[in-house]
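As a plain string of letters, each chain reads:
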Amino acid sequence: MLDSTLQDTYDHVLRRNPGEPEFHQAVREVFESLEVIQNRHPEYQDHSILMRLSEPERQIIFRVPWVDDKGVVQVNRGFRVEYNSALGPYKGGLRFHPSVNLGIVKFLGFEQIFKNSLTGLPIGGGKGGSDFDPRGRSDGEVMRFCQSFMTELHRHMGEYTDVPAGDIGVGAREIGYLFGTYKRLTNRYEAGVLTGKGLDWGGSLVRKEATGYGAAIFAAEMLEARDASFEGRRVGVSGSGNVAIYAIEKARQLGGLPVTASDSSGYVVDEKGIDLELLQQIKEVERGRIAEYAERRGDSARFVAGGSVWDVPMDIALPSATQNELDADSARTLVKNGVLAVSEGANMPCTPDAVTVFREAGIAFGPGKAANAGGVATSALEMQQNASRDAWSFAHTEERLTQIMKNIHATCLETAEEVGRPGDYVVGANVAGFRKVADAMIAFGVI
Ligand code: NDP
Ligand code: 2IT
């Protein structure tokens, strides 16, 4: 149960947003964390900050018609939730996946507010996407879809207004089609209006790697705080997309042995450690399925259709696929197998019950809004480079990313300690992320 004021506000959120369970879940977790500061900060209540934060500043829903390769007209639904601009222009990714609906986009936009605040960089929170399913679509189909999507979205964007990027189903190819369309429609080469761009046309080195690298760095920081490290540890990663691939790379660089990867069909275990080049070839170049990894890798690897990747014994878990992919049963299995740290590469991959299992077992648990903030942080670095018409080296950009992740880790720990919940990264991330946004909203008055 929440305390009575928070419960009233939460009930109000439930009533006003029916049928959006992921949004409710994300809001509830933040409200639970804020109980520890309720009494110390009557001003937040006086200014109805939580009520205001529960309502996006703007929600855009639009039709996306396009013509497939057979000449048939298809219609998808497009979304952009411009959630909160207290700290900067709306910033957050676009997701193309059949499961996308308004509630999913609101949950992701809500998380993004606090994540972006934690980076310490001047970015507000937003998210968008479509129920378009890129799987099995040709390049031409993806291009025509992106062109139609941007034909509507462009009027809501701008480098000082709203700056989208990638997420599930949206990578460099899609950002290219989207940026090309934006440029044509506006007649402006406004590089800072989208991030995750190609390196030849305004993109930043390290952006592609940043989310996965950051999630592994966050895990390393949590381990170090407990006098442990990646060295010689088995690392389990779920997913095999952008975040998973670079979480695997960084885990290996840090001395760990990444042994798993997955997609929605199943998972692979590779006792010799995941072969990064082979994984990149299959997923990034060929856009294939993870089952092919086991077929091509030889004896050390096997594919398990269906099933849970979390059944594989591991010391460090980096869930990097999608929301609610790791439930309480999986969490109990991980704990039984001796997991030391869980760092969320994906957004909200662990269910609330799974988080409770980790908390009660004393496992170091890094919530997504802290652990996967490296992606959006590097997007903000891309915006900095675009604004100054500059391009930084890989080493310099990676150094900035590493420092940002270390700062986020330290902020979470210090804040958790300050509010009487030492070691609780969930409370630390939510309170620290929230305070900056709330204070800015108070400074701006009721707008
Ligand atoms: P990609 O599209 O590159 O990869 C997604 C991976 O997750 C694929 O392996 C996919 O398998 C799997 N997956 C997606 N949806 C499901 C599902 N419903 N059930 C099972 N598996 C699924 O996306 P990203 O790597 O970019 O994103 C992964 C997660 O990280 C998401 O939660 C995203 O919000 C989060 N994130 C991404 C950031 C970024 O910079 N890209 C930044 C911060 C967070 P399949 O191909 O079978 O669908
Ligand atoms: O969830 C996320 O933080 C992202 N998909 C990245 C957002 C961004 O603007 O880089």
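All residue numbers refer to positions counted from 1 along the written sequence of the respective chain. Here the convention is simple: chains get letters from A, ligands get numbers from 1, in the order in which they are written. Per-residue local features of the predicted model are confined to residues with pLDDT of at least 70, and side-chain atom pairs are confined, for both listing and counting, to 80 or more; whole-chain, interface and lining totals are unaffected and use all residues. Note that water and hydrogens are dropped before the side-chain values are worked out from all heavy atoms of the structure.

## Brief notes about the overall build of the chain
Across its full length, the chain holds 17 helices and 13 strands. For 447 residues, the compact-globule estimate of 2.2 N^0.38 gives 22 Å, and the C-alpha radius of gyration of the chain, at 21 Å, lies within 12% of that figure. Seen through its principal axes, the chain has C-alpha atoms that stretch 60 × 55 × 45 Å. A total of 447 residues make up the chain; the buried ones form 57% of that total. The contacts in the chain between residues at least 6 apart in sequence include a share of 71% that link residues at least 24 apart. Accessible surface area values rest on a Shrake-Rupley calculation with a 1.4 Å probe, where residue burial reflects the displayed protein chains alone. In the form shown here, the chain has an accessible surface area of approximately 17,800 Å², with 48% of it arising from carbon and sulfur atoms. Charged side chains of the chain number 48 positive and 60 negative; the gap between the two group centres comes to 4 Å. Think of it this way: any DSSP run of H or I at least four residues long counts as a helix, any run of E at least two long counts as a strand, and we number them from the N terminus. Note that the radius of gyration is over C-alpha atoms, with the globule rule given as 2.2 Å times the number of residues to the power 0.38. Burial classification: accessible surface area is computed with a 1.4 Å probe over protein chains only, and a residue below 20% of its type maximum counts as buried, one above 50% as exposed, and the rest as partly exposed. Residue contacts follow a heavy-atom distance rule, with two residues in contact if any of their heavy atoms lie within 4.5 Å. Counting rule applied: Lys, Arg positive; Asp, Glu negative; His and chain ends not counted. Just so you know, the charge point we use is NZ for Lys, CZ for Arg, CG for Asp and CD for Glu.

## Observations regarding the sheet that holds strand E8 (residues 260-263)
For two strands to pair, DSSP has to find at least two bridges joining them. Strand order in the open sheet made by the three strands is E8-E9-E10, with antiparallel pairing throughout. Strands with a single pairing partner mark the edges of an open sheet, and in this sheet they are E8 and strand E10 (301-305). Within this sheet the neighbouring strands show an average axis-to-axis angle of 20°, counted without direction. Bridge count between strand E9 (residues 266-270) and E10: five bridges; the pairing is antiparallel. Axes, fitted as lines to C-alpha atoms, cover a helix only where it is in contact. Angles between the N-to-C directions of the axes lie from 0 to 180 degrees.

## Structural notes on the site of ligand 1
Working definition: residue near molecule or strand if any one of its non-hydrogen atoms lies within 4 Å of it. Among the 25 residues in the neighbourhood of ligand 1, the closest are listed as Asp167, Thr211, Ser264, Arg289 and Asn347. In protein, a polar contact means a hydrogen-donor-capable atom and an acceptor-capable atom, both N or O and within 3.5 Å, with residues adjacent in sequence counting only if both atoms are side-chain atoms; elsewhere, any N or O pair within 3.5 Å suffices. Measuring from an oxygen atom of ligand 1, one finds a backbone N or O atom of Ser240 at 3.0 Å. One of the backbone N or O atoms of Asn242 is found 2.9 Å from an oxygen atom in ligand 1. In isolation ligand 1 has 880 Å² of accessible area, and contact with the protein removes 82% of it. Looking at the shell around ligand 1, the elements that each hand over two or more residues are helix H8 (207-224), helix H9 (242-253) and E8. The residue classification treats Ala, Val, Leu, Ile, Met, Phe, Trp, Tyr, Cys and Pro as nonpolar and Asp, Glu, Lys and Arg as charged. All others, Gly included, are polar. Split into classes, the residues belonging to the shell around ligand 1 amount to four nonpolar, 14 polar and seven charged.

## Brief notes about the packing of helix H2 (residues 21-38) against helix H17 (residues 425-444)
Following both chains from N to C, one finds H2 and H17 inclined at 80°, their axes separated by 9 Å at the closest point. Considering their axes alone, H2 and H17 lie roughly perpendicular with respect to each other. Each of Glu29, Val30, Ser33, Leu34, Val36 and Ile37 in H2 lies in contact with H17, whose residues at this interface are Val426, Val427, Asn430, Val431, Phe434 and Arg435. Across the contact of H2 with H17, the residue classes tally to eight nonpolar, two polar and two charged. Every angle not falling under 35 degrees, over 145, or within 65 to 115 is termed oblique; those three ranges are roughly parallel, roughly antiparallel and roughly perpendicular.

## A look at the site of ligand 2
Around ligand 2 sit 14 residues in total, of which Lys91, Gln112, Lys115, Asp167 and Ser379 are the nearest. Within the side chain of Asp167, a nitrogen or oxygen atom sits 2.9 Å from a nitrogen atom of ligand 2. Arg207 places a side-chain nitrogen or oxygen 3.0 Å from an oxygen atom of ligand 2. When ligand 2 sits alone it has 300 Å² of accessible area, and the protein chains cover 94% of it. The set of elements that each furnish at least two residues to the shell around ligand 2 consists of strand E3 (90-96), helix H5 (102-118) and helix H15 (373-387). Residues of the shell around ligand 2, tallied by class, amount to two nonpolar, seven polar and five charged.

## Description of H8
The end-to-end C-alpha distance of H8 is 25 Å, a good match for the 26 Å that 18 residues give at a rise of 1.5 Å each. The reported bend at a residue is simply the angle between two axes, fitted to the 7 residues ending at it and to the 7 residues beginning with it. For H8, the principal kink sits at Tyr213 and spans about 30°. Among the 18 residues of H8, 16 are classified as buried, and the element is accordingly described as predominantly covered. To estimate how far a helix should extend, the number of its residues minus one is multiplied by 1.5 Å.

## Focus: the nonpolar core
Grouped together as the largest cluster of nonpolar side chains are 55 residues, with contacts concentrated most on Phe218, Phe230, Tyr293 and Ile408. Looking at this core element by element, the count peaks at nine residues for H8. Each residue touching Tyr293, except ones within four places of it in the same chain, is listed here: Val268, Asp270, Gly273, Ile274, Asp275, Leu278, Leu279, Ile282 and Ala301. Grouped together as the second largest cluster of nonpolar side chains are 36 residues, Tyr10, Ile49, Phe114 and Val437 included. Here, nonpolar core means buried Ala, Val, Leu, Ile, Met, Phe, Trp, Tyr and Cys residues that are tied together by side-chain atoms lying within 4.5 Å of each other.

## A closer look at the packing of aromatic side chains
Two rings from Phe, Tyr or Trp (for Trp, the six-membered ring) form a pair when their centres are within 6.5 Å of each other. A pair whose planes differ by under 30 degrees is stacked, one over 60 is edge-to-face, and the rest are tilted. Per the stated rule, a full pass over the model turns up 19 aromatic pairs. Aromatic pair Phe179 and Trp201: ring centres 5.8 Å apart, planes at 15°, arrangement stacked. Remark: Trp201 occurs in the loop between helix H7 (172-186) and H8 and Phe179 occurs in helix H7; sequence separation between them is 22 residues. An aromatic cluster of three or more residues is present, and its members are Phe62, Trp66, Phe96, Phe132, Phe145 and Phe149. Consider the ring centre and the ring normal. A charge sits over the ring if Lys NZ or Arg CZ is within 6 Å of that centre and within 35 degrees of that normal. Across the ring face of Phe23, the terminal group of Lys106 is positioned such that the distance to the ring centre comes to 4.8 Å. In this structure, Lys250 packs its charged tip against the face of Tyr213, placed 4.5 Å from the ring centre.

## Brief notes about the sheet that holds strand E1 (residues 58-67)
Hydrogen bonding along the main chain pairs the strands of a sheet, whether they run parallel or antiparallel. What the five strands build is an open sheet, ordered E1-E2-E4-E3-E5; its pairing is mixed. On the outer flanks of this sheet lie E1 and strand E5 (162-165), each paired with one strand and no other. Taken over all neighbouring pairs, the strand axes of this sheet differ in orientation by 20° on average, direction set aside. As paired elements, E1 and strand E2 (residues 73-84) share 10 bridges and run antiparallel to each other. For Trp66, the partnering residue across the bridge sits in E2 and is Gln74.

From the geometry alone we can't say anything about function, so treat these as descriptive.
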